[in-house]
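A structural walkthrough
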Amino acid sequence: YFYQLITPQSGWLSLHSVLLSACIANFFLGRYAQLYLKIEDFSKFINLSFYVLYALDFLLLLYLFFIDDIKLGYPIANVLGLILLILIITSQVIIYIKTKKIDRFFATGIFCLVSGFVIFILRNFSLLPLNFWTENASKLGTGLEVIFLSLSMANLIRNLKNERTQLQTIALQKSEEMNELKSYFLSNISHELRTPLNAIMSLSDVTANEKDPAKVLTNCEIIKYSSQSLLCSVNDILDFSKIEKGEIKLEKGIFNPIKILEQIKNNALTTADEKGLKIKYTVGKDFPEQLIGDGIRFGQIANNIINNAIKFTNEGKVKIALDWEKDKNNQIKLLFKVTDSGVGIPKEKMDCIFDSFSQESINNKRKFGGLGLGLYIVKTLVDMHQGKIDIQSQTDLGTICSVELNYLEVFQEKQQNTIIAPTDYDLKGKKILVVEDNAMNQMVIKMITKKWLNTTVEFANNGEEGVNFLKLNSFDIVLMDLQMPVMDGYEATIAIRNGEAGEENKNIPIIAVTADVMESTKERVIEIGMNKYLSKPIDKDLLFVSIKTLVDEYCMALS
């Protein structure tokens, strides 16, 4: 038809039309098979081979245009066509081996194409008799191939429509679950924050009128415990936010794991006593007193696991065991195990216990408190330590939670860097400027510093006042809040470092004291020139040691 209708006078295009069509058909058939079968997902080598074949096809086209040797062009085109069929068949075999599945329509279409050309070639070599079927085998094979590949495409389109419908259904279910989860979370967070707040407010009111010292002491202990519970809930929410944003980081410092664990255990005893539970606590022989790592995060891991064990145990006991192993590189593998006799975890829930908001049921009739974030945060922190966590549990028999964390051993010469609680609080006549707008926070700092010897403290209500105070008075250190009216702590610090408070104050030590515990905040305060970051609520010992260290360094630099 091409010859009769388009080039009846013959010519170059007519003579080369079969070879040109072969090259183009080779490319499109190969590309169709490559994309339809998603070969790249199963074999990088076969996928690359297709691209090599396309390059050879393109070279054949250039060869036909510039060298014009038809006799050599035909065998080359046949070889490239044969290679394409081998690649397609090989791809299907590899896909079947890996998935145990095969597209019947696609495979049948390729089979018809191959069979038609094999019969046609055998007839050309007189290996098969000449008749209608052998003479037209290639045409019949090609026709059947087109039919079956069309059926395979129709089948693919139908499957894609079904998948889209399923995805829409799943998306709708997820949306409904998220709405339910959002309502649960808001209700739960309200409960978890209001419960300790209620205890704090009620007992504060009662204690104000209480005259019996023993009852006052008891009430204060309960207020302290409730405050710690409230702080834990707030920290869990903040850590969850950091994890979702990828902002959580591990710090390196020297810490005492035994001291941290004993403090957590003592705090947990209040809850355990209320439930009538016994706590058994053991530490391995010769356990190292100091390790290098993130002590705060270790405490968070231990606190969550111990509190979970007590929370889900109604009777019996909770065992806390701390042990260790040492490798050749002075790396300490800390082994922490908590065993309880609680309600246990059903088998069907074991796969999702480390997911966020993964409490056993989301309803208003909860048996147990908590935000459902504890184990999710624990698993994240353990992974950051390149450690391991394993939970074994049986319903109504209890749970065993084992954690392995990796730390470095403290050499003797490094122990001098350990922060030790001061025996006396004497700043030897130093003056502190506190830039803080909140009256309650000012009162807290006054209560802490009034017990310090030879210490003068003055307060500014915002950053602008703080800068003016430095212009008019001499101070040794600045405690700077970050979020304040008129001029915030960031702006005030930049102004001080730029010399706006006087050249003599450009290098004065500045400590950020803030309730903002985001990692980006910690990085920013250092970038703008602050010397240290402390978070609220304030640790009085850490505050004193930080102030004394920075003031001593500042005085040495001036001298």
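Computed from a predicted structure; not experimentally measured.

Helix and strand counts for the chain stand at 16 helices and 12 strands. Against the globule reference of 24 Å for 559 residues, the chain gives a C-alpha radius of gyration of 38 Å, more extended than a compact globule. Seen through its principal axes, the chain has C-alpha atoms that stretch 115 × 65 × 50 Å. Contacts in the chain between residues at least 24 apart in sequence constitute 70% of all its contacts with a sequence separation of at least 6. Positive and negative side-chain charges of the chain, numbering 60 and 65 respectively, have mean locations separated by a distance of 5 Å.

Among all positions of helix α12 (residues 439–449), only Gln442, Ile445, Ile448 and Thr449 are buried. Around the axis of α12, the buried residues are gathered within 125° of arc, so they sit on the same side. Relative to its buried face, α12 has exposed residues pointing more than 90 degrees away, namely Ala439 and Met440. As for α12, its buried residues are in contact with β8 (426–435), β9 (453–460) and α16 (540–558). The N-capping residue of α12, defined by a side-chain oxygen 2.9 Å from the backbone nitrogen of Met440, is Asn438.

Next up on the list: the confidence of the model for the chain. For the chain, mean pLDDT is 85; residues scoring 70 or higher make up 93% of the total. Across the chain, the element-wise mean pLDDT spans from 72 in helix α1 (residues 2–6) up to 96 in strand β10 (residues 477–480). Ignoring residues within four places in sequence, the model shows residues 359–366, a span with pLDDT below 50, making 16 contacts including any to other chains. Taken together, the stretch residues 413–419 has pLDDT below 50 and engages in 9 contacts with residues farther than four places along the chain or on a different chain.

In terms of nonpolar packing, the biggest core is built from 41 residues, with Ile305, Ile306, Leu334, Phe336, Val403 and Leu405 touching the most fellow members. Elements that contribute at least two residues to this core include exactly α8 (213–245), α9 (257–275), α10 (295–311), β4 (317–326), β5 (331–340), α11 (374–384), β6 (388–394) and β7 (398–409). Among the elements that make up this core, the one with the highest residue count is α10 (7 residues). Sequence-distant contacts of Ile306, defined by excluding residues within four places in its chain, comprise Leu261, Ile264, Ala268, Ile320, Phe336 and Val338. In this structure, Tyr36, Ile39, Ala77 and Ile95 belong to the second largest nonpolar core, which totals 26 residues.

With that out of the way, let us pick up unusual backbone geometry. A cis geometry characterises the amide bond from Lys536 onward to Pro537, with omega recorded as -5°. Within the element layout of this structure, Pro537 appears in the loop between β12 (532–535) and α16.

What follows is about the pairing of β9. With 7 bridges connecting them, β8 and β9 associate as parallel partners. Bridge pairing in β9 places Lys430 opposite Thr455. With α12 bridging β8 and the parallel β9, this β-α-β connection has right-handed handedness.

Next up on the list: the layout of surface pockets. Estimates place the volume of the second largest pocket at around 1000 Å³. Taken together, 29 residues form the lining of the second largest pocket, with Ala22, Ala77, Asn78, Gly81 and Phe117 sitting closest to its centre. Among the residues forming the lining of the second largest pocket, the class breakdown is 19 nonpolar, 7 polar and 3 charged.

Turning next to helix α14 (residues 489–497). In terms of burial, α14 is largely enclosed, as 7 of its 9 residues are buried. Among all positions of α14, only Gly489, Tyr490, Ala492, Thr493, Ala495, Ile496 and Arg497 are buried. With a side-chain oxygen positioned 3.1 Å from the backbone nitrogen of Tyr490, the residue opening α14 is Asp488.

By the element assignment, Asp57 lies in helix α3 (residues 44–66). Arg31 provides the closest opposite charge to the buried, salt-bridge-free Asp57, at an N-O distance of 12 Å. Here the side chain of Asp57 touches Asn26 through a polar contact of 3.1 Å, side chain to side chain. Those residues in contact with Asp57, other than ones at most four positions away along the chain, are Cys23, Asn26, Phe27 and Leu80.

The next thing to look at is the packing of aromatic side chains. Remark: the centre distance and the inter-plane angle together describe each pair of aromatic rings, the angle taken between the planes. Within the structure shown, the criterion is met by 17 aromatic pairs. Between Tyr32 and Tyr36 the ring centres are 5.6 Å apart and the planes differ by 10°, which places this aromatic pair in the stacked class. Highlighted residues: Tyr32 and Tyr36, both in helix α2 (residues 12–36), separated by 4 residues, approximately one helical turn. The class for Tyr32 is partly exposed, based on a relative accessible area of 23%. With a relative accessible area of 12%, Tyr36 lands in the buried category. Ring centres 6.4 Å apart and planes at 70° place the aromatic pair Phe287 and Trp324 in the edge-to-face group.

Overall, parallel pairing links the 5 strands, which are arranged β9-β8-β10-β11-β12 in an open sheet. With one partner strand each, in any of the chains shown, β9 and β12 form the two edges of the open sheet. Direction aside, neighbouring strands of the sheet carry axes that sit 25° apart on average. Note that β10 and strand β11 (residues 510–514) share 3 bridges and pair parallel. Considered in β11, the bridge of Leu479 is made with Ile511. Together, β8 and β9 form the strand contacts of α12, whose direction differs from that of β9 by roughly 170°.

A word on the environment of Asn78. Within the secondary structure, Asn78 is located in helix α4 (residues 70–99). Residues Asn78 and Glu436 lie 358 residues apart in sequence; the distance between their C-alpha atoms is 85 Å.

This paragraph deals with the environment of Lys101. Assignment of secondary structure puts Lys101 in the loop between α4 and α5 (104–124). Using a relative accessible area of 62% as the deciding quantity, one classes Lys101 as exposed. Setting aside its immediate chain neighbours within four residues, Lys101 contacts Ile95 and Tyr96.

Turning next to the pairing of β10. Burial along β10 is two-sided: the face carrying Ile477 and Leu479 and the face carrying Val478 and Met480 are both buried. Following the chain from β10 across α14 to the adjacent parallel β11, one finds a crossover that is right-handed.

What follows is about a positive patch on the surface. On the surface, Lys224, Lys450, Lys451 and Lys540 cluster together into a patch of positive charge. A relative accessible area of 65% places Lys451 in the exposed class.

Cut-off values and rules
Residues numbered from 1 in each chain as written. Predicted model: local features only at pLDDT ≥ 70, side-chain atom pairs only at ≥ 80, totals over all residues. Heavy atoms only, no water. Helix = DSSP H or I, 4+ residues; strand = E, 2+ residues; numbered from the N terminus. Rg over C-alpha atoms; globule rule 2.2 N^0.38 Å. Contact = heavy atoms within 4.5 Å. Lys, Arg positive; Asp, Glu negative; His and termini not counted. Charge placed at Lys NZ, Arg CZ, Asp CG, Glu CD. Buried < 20%, exposed > 50% of the residue type's maximum accessible area, 1.4 Å probe, protein only. Arc of directions from axis to C-beta. Polar contact = N/O pair within 3.5 Å; in protein donor to acceptor, adjacent residues only side chain to side chain. pLDDT = per-residue confidence, 0-100. Core = buried A, V, L, I, M, F, W, Y, C linked by side-chain atoms within 4.5 Å. Pairing = 2+ DSSP bridges. Right-handed = clockwise from strand over helix to strand, strands pointing away. 1 Å grid on protein atoms, 1.4 Å probe; cavity = no way out; pocket = protein on both sides within 12 Å on 5 of 7 lines; lining within 4 Å. Points joined across faces, edges and corners; volume = space filled by probe spheres on them. Nonpolar A, V, L, I, M, F, W, Y, C, P; charged D, E, K, R; others polar. Salt bridge = Lys/Arg side-chain N within 4 Å of Asp/Glu carboxyl O. Phe/Tyr/Trp six-rings, centres within 6.5 Å; stacked < 30°, edge-to-face > 60°. Axes fitted to C-alpha atoms, helices over the stretch in contact; angles between N-to-C directions. Patch = residues over 30% accessible without salt bridge, like charges linked within 9 Å, V, L, I, M, F, W, Y side chains within 5 Å. Areas by Shrake-Rupley, 256 points an atom, 1.4 Å probe, with all protein chains shown as cover.

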